[in-house]
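What follows is the residue order along each chain.
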Amino acid sequence: QVQLVESGGGLVQPGGSLRLSCAASGSIFRIGGMGWYRQASGKERELVAAITSGGTTNYADSVKGRFTISRDNAKNTVYLEMNSLKPEDTAVYYCNCRATAFGLTGDYWGQGTQVTVSS
């Protein structure tokens, strides 16, 4: 019904930057909130940043001032600009959205993209 495809992960040195993208496709009637989560090895998945359909944003304390979430509603795409990356940002990053398709509303997840911050 709804597919999310992430891109932009990779290996970066501490202090570097990466930009993640996530495009939603399928028989989408409406997309509500979108967000990015991450899961480090041995840890639970946590919210990194979220953005409503109206553009209101929310960030985890650990990334405030360094990460910026944005979206392009015309393209059903959400972005995560990550600056001043730290080794503790290393994780698999997952895109999430709440979408309505075929009259049903649900939460959808991408497959994840690895971000590794290391020298």
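Residues numbered from 1 in each chain as written. Predicted model: local features only at pLDDT ≥ 70, side-chain atom pairs only at ≥ 80, totals over all residues. Heavy atoms only, no water.

Attention now moves to the overall build of the protein chain. When helices and strands are counted, the protein chain shows 0 helices and 11 strands. Beginning at the N terminus, the succession of helices and strands in the protein chain can be written as β-β-β-β-β-β-β-β-β-β-β. For a compact globule of 119 residues, the expected C-alpha radius of gyration is about 14 Å, and the protein chain comes in at 14 Å, within 12% of that figure. Within the protein chain, the fraction of its 119 residues that count as buried is 41%. Within the protein chain, contacts between residues at least 6 apart in sequence are counted, and of these 55% link residues at least 24 apart. In the form shown here, the protein chain has an accessible surface area of approximately 6,200 Å², with 47% of it arising from carbon and sulfur atoms. Taking the average location of the 11 positive side-chain charges in the protein chain and that of its 9 negative ones, the two points are 4 Å from each other. (Helix = DSSP H or I, 4+ residues; strand = E, 2+ residues; numbered from the N terminus. Rg over C-alpha atoms; globule rule 2.2 N^0.38 Å. Buried < 20%, exposed > 50% of the residue type's maximum accessible area, 1.4 Å probe, protein only. Contact = heavy atoms within 4.5 Å. Areas by Shrake-Rupley, 256 points an atom, 1.4 Å probe, with all protein chains shown as cover. Lys, Arg positive; Asp, Glu negative; His and termini not counted. Charge placed at Lys NZ, Arg CZ, Asp CG, Glu CD.)

Let us now look at the packing of aromatic side chains. For the structure shown, the criterion picks out 1 aromatic pair. With centroids separated by 5.0 Å and ring planes inclined at 65°, the aromatic side chains of Y37 and W109 adopt a geometry described as edge-to-face. Here W109 lies in strand β10 (residues 104-109) and Y37 lies in strand β4 (residues 30-39), a separation of 72 residues in the sequence. Residue W109 is classed as partly exposed on the basis of its relative accessible area, which comes to 38%. Just above the ring of Y79 sits the side chain of R19; from NZ or CZ to the centre is 4.2 Å. (Phe/Tyr/Trp six-rings, centres within 6.5 Å; stacked < 30°, edge-to-face > 60°. Lys NZ or Arg CZ within 6 Å of the ring centre and 35° of its normal.)

It is worth spelling out the state of the cysteines at this point. According to the stated counting rule, one finds 1 disulfide in the structure shown. Between the sulfur of C22 and that of C95 lies a disulfide, 2.1 Å long from S to S. Across the disulfide from C22 to C95, rotation about the S-S bond amounts to roughly -85°, and the bridge is consequently left-handed. Of this pair, C22 sits in strand β3 (residues 18-26) while C95 sits in strand β9 (residues 91-101), and the two are 73 residues apart along the sequence. The exposure class of C22 is buried, given its relative accessible area of 0%. Owing to a relative accessible area of 0%, C95 belongs among the buried residues under this scheme. Cysteine C97 is unpaired, with the sulfur of C95 as its nearest cysteine sulfur at 6.3 Å. Judged by its relative accessible area of 0%, C97 falls in the buried class. (Disulfide = S-S within 2.5 Å.)

Our next topic: the pattern of salt bridges. Going through the model one piece at a time under the given rule, you end up with 6 salt bridges. A salt bridge links E46 to R38; the nearest nitrogen and oxygen atoms lie 2.7 Å apart. On the basis of relative accessibility, which here comes to 6%, the residue R38 falls in the buried class. Note that D107 is salt-bridged to R98, the shortest N-O span being 3.1 Å. According to the relative accessible area criterion, D107 is partly exposed, its value standing at 47%. (Salt bridge = Lys/Arg side-chain N within 4 Å of Asp/Glu carboxyl O.)

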